[in-house]
Amino acid sequence: MLVVDGAAVNKSERETPLPDLSINIVNGKGESIRYLLGTNGMLLSAGERFAFSSRLAAPKEGVHSVSVTFRPGK
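In this text, all values refer to a predicted model and were calculated from it rather than measured experimentally.

**Q** Would you mind showing me how to read the overall build of the protein here?
**A** Looking only at helices and strands, the protein features 0 helices and 7 strands. Walking the protein from its N terminus toward its C terminus, one meets helices and strands in the order β-β-β-β-β-β-β. Along the first, second and third principal axes, the C-alpha atoms of the protein reach 45 × 25 × 15 Å. Counting every position in the protein, which comprises 74 residues, the buried fraction comes to 27%. Counted over contacts in the protein with a minimum sequence separation of 6, partners at least 24 positions apart contribute 75%. Carbon and sulfur atoms form 51% of the exposed surface of the protein, whose accessible area is close to 5,100 Å². Side chains of the protein give 9 positive and 7 negative charges; the mean places of these two sets differ by 5 Å.

Put into structure tokens, the structure is as follows:
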């Protein structure tokens, strides 16, 4: 089991829609596995924090790296 915890914070001075989050795992063989954490475009008020936690199956080849980024707009 691989646990990915984090938070997105709205550091602006206005309400902002939160983009979907893209979780990218690179296994021990260098292969990428991608997951999408949908946010439904929820609005974050100025200074508001969105905490997230995902439990994912760990690759049997091991984990080389994990990154979480905002998914580009559609």
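**Q** Can you help me understand a nonpolar patch on the surface in this one?
**A** On the surface, Val 63, Val 66 and Val 68 cluster together into a nonpolar patch covering about 190 Å² of accessible area. Within the secondary structure layout, Val 63 lies in strand β7 (residues 63–70). We classify Val 63 as partly exposed; its relative accessible area is 38%.

**Q** Would you explain the nonpolar core in this entry?
**A** Soluble globular proteins tend to pack their nonpolar side chains together in the buried interior. Judged by nonpolar contacts, Leu 2, Val 4, Ala 8, Leu 18, Leu 21, Ile 23, Ile 25, Leu 44, Phe 50, Phe 52 and Leu 56 together constitute the single largest core of 11 residues. Sorting the residues of this core by element identifies β1 (2–9), β3 (21–27) and β6 (49–56) as the ones contributing at least two each. Not counting residues within four places of it along the chain, the set of residues in contact with Leu 21 comprises Tyr 35, Leu 36, Leu 37, Phe 50, Phe 52, Val 68, Thr 69, Phe 70 and Arg 71.

Rules and cut-offs
Residues numbered from 1 in each chain as written. Predicted model: local features only at pLDDT ≥ 70, side-chain atom pairs only at ≥ 80, totals over all residues. Heavy atoms only, no water. Helix = DSSP H or I, 4+ residues; strand = E, 2+ residues; numbered from the N terminus. Buried < 20%, exposed > 50% of the residue type's maximum accessible area, 1.4 Å probe, protein only. Contact = heavy atoms within 4.5 Å. Areas by Shrake-Rupley, 256 points an atom, 1.4 Å probe, with all protein chains shown as cover. Lys, Arg positive; Asp, Glu negative; His and termini not counted. Charge placed at Lys NZ, Arg CZ, Asp CG, Glu CD. Patch = residues over 30% accessible without salt bridge, like charges linked within 9 Å, V, L, I, M, F, W, Y side chains within 5 Å. Salt bridge = Lys/Arg side-chain N within 4 Å of Asp/Glu carboxyl O. Core = buried A, V, L, I, M, F, W, Y, C linked by side-chain atoms within 4.5 Å.

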